[in-house]
Every structure is written in C-alpha cells, then in structure tokens.
Amino acid sequence: MDPVAGTAEHRGPLEVRARAPGKIILAGEHAVVHGSAAVAAAIDLYTNSSLLLRPTGPGEGGGAGSGAVELDLRDSGLTFSWPCSRLRGALGEEISANPGAPAPCSPDQLAAIARLLQDQEIPEAKIWLSAGLSAFLFLYASILGCRPGKAVVSSDLPMGAGLGSSAAFCVSMSGALLTAAGAVSVGARRGAEGWEVLEKGALELVNQWAFQGEKIIHGKPSGIDNSVSTFGKMIKFKKGELTNLESWNPVKMLITDTRVGRNTKALVAGVSERASRHPDAMASVFHAVNSISEELSSIVELAAEDEIAITSKEDKLAELMEMNQGLLQCMGVSHSSIETVLRTTLKYSLVSKLTGAGGGGCVLTLIPTCILFYISPGCIFSFMVLYKINTIQLMCDFC
Ligand SMILES: Nc1ncnc2c1ncn2[C@@H]1O[C@H](COP(=O)(O)OP(=O)(O)OP(=O)(O)O)[C@@H](O)[C@H]1O
Ligand SMILES: C[C@@](O)(CCO)CC(=O)[O-]
Ligand SMILES: [Mg+2]
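Below or above, wherever it landed, is the structure these notes cover. (Residues numbered from 1 in each chain as written. Chains lettered and ligands numbered in written order. Predicted model: local features only at pLDDT ≥ 70, side-chain atom pairs only at ≥ 80, totals over all residues. Heavy atoms only, no water.)

Right, let's get into the coordination of the magnesium ion (ligand 3). Four donors placed tetrahedrally around a metal ideally meet at 109.5 degrees, and six donors placed octahedrally ideally meet at 90 or 180 degrees. Taken together, the protein ligands of the magnesium ion (ligand 3) are Ser 166 (OG) and His 218 (NE2), with distances of 2.1 to 2.2 Å. Taken together, the residues Ser 166 in helix H4 (residues 165–180) and His 218 in helix H5 (residues 200–218) connect sequence positions 52 residues apart. In this structure, Ser 166 and His 218 share a single accessibility class: buried. (Donors = N, O, S within 2.8 Å, 3.2 Å for Na, K, Ca; no water. Helix = DSSP H or I, 4+ residues; strand = E, 2+ residues; numbered from the N terminus. Buried < 20%, exposed > 50% of the residue type's maximum accessible area, 1.4 Å probe, protein only.)

Encoded structure:
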C-alpha cells in the first residue's frame, strides 16, 4: 500500500491519497480460513482512496456540529452523504475515535451503522455495496470520529471477482484515514510512480484496521487478503502469520474474469457449513490444501537456471494448482463458468484454478515460460498476445 502523507495539525483543507493493490491466491483459499497455509501475490491493479478534510478550527466554517461525511464511489457512479450531527446522534454513543487501537465492530455498532444506511438510497441492483459502505462508516468513525470530510474511491479492480477488491478498499481507506488522523507517517522509502511508502509499524496498524473492515465485508476473513494488499509482494500466510516469499523466476499467470458475480461472505459461510456437516472429510481436504500450499511456496522460491529446470518447476506448480482446484471443487466453491475456463485452457494443455472465493469471479491459468503459442483469431490466446504478458499482472476477459 502506498499512501501520500499529509499532516493532522491543519487549519485549512487537508488532502490525503492512498492506494492499495488487489491480489491473486495461488493456493489455499478457503482452507486458509480453517488454519491451512495459503500463498498469495499482490497484482498491479489498485484501489485509490482520497480523503479531503474540511477545516475544523474556530471561525473557519467547519465547527464541530456542522458539515457532513461524504463518500463518492466513482466506479459505481454513486455518492452518499451523512450530516455529522446525524452521525454523532447514531454513532456518538457507540463509536469514539481511537486510531491507535483497532477494535472489532460490535453488533450494536453494526446495528447503528445499518440504521445510517437506511437514510441512503442504494439502488436494488447495487445492494451489495452496503457491506463496503458499512466498512467505510465504521473505519471513518473509529479513526477520525464524526468530523466532516469527503472520501473519493476509484478502483482498477472488478468488485466481487476474487481479486481482493474488498481488502484493497479497506487497506487504502484505512491508510488514508490513519494518515489524515496523524496516527501514521511515511518512511524514507519511495515507492513506484512517486508514491511514498508507510513505515513498517504504520503498515501493521493499517493492516489491523483493514482486517476489522474486512470482517464486516467477509464475515470470517482469514486476514490473507488485507495482509498481501498492505505488505505487497508474494506471501505465505497461515493462522495470521505472514512469511515473505522470494520468487527467483517469473511466474506468469493469465487472469480470466468469468464475469459471474458472487459474494465472498456467502461462499466462506457455505464452506464452514459443509465443514460442520462433514468434519472428518473436510479436515482431510484442508490438510491436503495445507500440504499443497507448503510445497508450492517452496517451489516458488527455487531458483531455476536453465530451460529444463524452469520447465520442471512450472510442471510442478501446474500439478499443484490442478490438485488445489480439485479440492476447491470438494469444498463446493467452483462454478460452471469456472469449469468452462478449465476445459478451454486444458485444450491447450494449460492448467487453471479459481482464485479468491470462487463461485464465479476470476480464474488463474499458469502460462509456461517456454510455451510456443499457436495464435488463432477468436480463441483465448489471441487476447494474451494482444495484451502484454507480464508477471502476474495480466487481466483478460474470458471470450
Ligand atoms: N471500490 C469499492 N467501493 C465500494 N465498495 C467496495 C469496493 N471494492 C469492494 N467493495 C465492497 O466489497 C464487496 C466485494 O467484496 P468480496 O469480498 O465479496 O469480493 P472480492 O474482495 O472482490 O473478492 P475476494 O474476496 O474473493 O478476493 C463489494 O460488494 C463492496 O461491498
Ligand atoms: C476465500 C478466502 O480464503 C479468500 C478470498 O480472497 C477468504 C479469506 O481467506 O478471508
Ligand atoms: Mg474480498
């Protein structure tokens, strides 16, 4: 995550911008919620949150009782506004600003937030935004209190498609809010494109708040999505513990969006219900996924120096992805659209697996480095050639 810092001691308007990346999961989704290891990598698609705070000083037109908290969701074309007096009336008793102490949203707080959402006109077709709005109001009030401000969010990520849009939303928003509150500051390190990078302690705080936001959206998140969005790169994640992985050879993945919408919270709950119906069988499934993630993480870190070694490494990765996909089917999170992508890529001897929560959303296909493409117009590979293939950065529509 790459925030641009501002200062909390301000008399005039203060603007803060932060961005956080989406992710792919190479192995271990769902099982990671039940304690297995998983492997994830950040991708070069971001959610941007900008925050404009109005003056709060005396005589500057922004007294404690006035103004509103506004949210502009650029990709949905929707804006929301809550007068500060209304926020204070609904949440004042429930939430007090304490940016340094991340705490979960209690059932009473969630009920108060739900009442605030009833004031807003959310189109029926976009009702799934309610989860993101709830997370926003919780993070805003917990970090900044009920003071006036305007947040604008835009994203490269498809929402609800398995690429961690909810985590990138919570991480970028927490980064912007904490920076505006003066609770974190940037370190010496400069990131890409002139962005400044938060120091490690600051990132930990952002991650903890983003996790609280993810709980509102996912129900029972493992924490892998917000962790990889906050810290970037490639990670192994198990029971809240994060290990950085160093990939010595590029791993090329095609990301295909089936465009079938789904909801991570419902899919995670569905797997837990299956686990409670078949505890022994599902424990074996989760155990097998753990072994796959552990093996995949050690293979990723191997340095292959010639073509034979690279091919052997990629063959092993492909086999592990194929096995993981089979186990995701056992968990009940595949979908006919995902199976279509699997069958299509298999015709070209390419292995695919779903990524994220499944049930639709995105599918990963491992692209071997040494592959020779036969390009036929209209087939999926023509897209791969049109878009520059890059290390885990490619996004392609399923044709
Ligand atoms: N840019 C955004 N603006 C507002 N809300 C967002 C945004 N991005 C995500 N959300 C919220 O997150 C929800 C999607 O989260 P969900 O966890 O279901 O999918 P995902 O995070 O894209 O996929 P996965 O969790 O499998 O990686 C949306 O319905 C919305 O409530
Ligand atoms: C399905 C899941 O494992 C990954 C979603 O990207 C949920 C989680 O770990 O929070
Ligand atoms: Mg999510």
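A word on helix H3 (residues 129–144). Counted at 1.5 Å a residue, the expected span for H3 with its 16 residues is 22 Å, and the 22 Å between its end C-alpha atoms agrees. Within H3, 15 of the 16 residues are buried, which leaves the element mostly enclosed by the surrounding structure. Downstream of H3 by a residue or two, Gly 145 has a phi angle that is positive, lying close to 80°. (Expected span 1.5 Å × (residues − 1).)

A few words on the site of ligand 1. Surveying the vicinity of ligand 1 reveals 24 residues, the closest of which are Lys 23, Gly 164, Ser 165, His 218 and Arg 262. Lys 23 places a polar side-chain atom, nitrogen or oxygen, 2.6 Å from an oxygen atom of ligand 1. Within the backbone of Ala 357, one N or O atom sits 3.0 Å away from an oxygen atom of ligand 1. Those elements giving two or more residues to the shell around ligand 1 turn out to be H3, H4 and H5. Classifying every residue of the shell around ligand 1 by side-chain character gives eleven nonpolar, ten polar and three charged. (Near = heavy atom within 4 Å. Polar contact = N/O pair within 3.5 Å; in protein donor to acceptor, adjacent residues only side chain to side chain. Nonpolar A, V, L, I, M, F, W, Y, C, P; charged D, E, K, R; others polar.)

Right, let's get into the pattern of salt bridges. Applying the stated criterion to the full structure yields six salt bridges. Here Asp 225 ties to Lys 23 by a salt bridge, and the two come within 3.3 Å at their closest N and O atoms. Residue Asp 225 is found in helix H6 (residues 224–231), and its partner Lys 23 is found in strand S2 (residues 14–27); the two are separated by 202 residues along the sequence. Here Asp 225 and Lys 23 have matching classes, each one buried. The residue Lys 200 makes a salt bridge to Glu 204 at a minimum N-O spacing of 3.2 Å. One end of the pair is Lys 200 and the other is Glu 204, both in helix H5 and four residues apart, which spans about a single turn. Glu 204 sits in the partly exposed class, given a relative accessible area of 31%. (Salt bridge = Lys/Arg side-chain N within 4 Å of Asp/Glu carboxyl O.)

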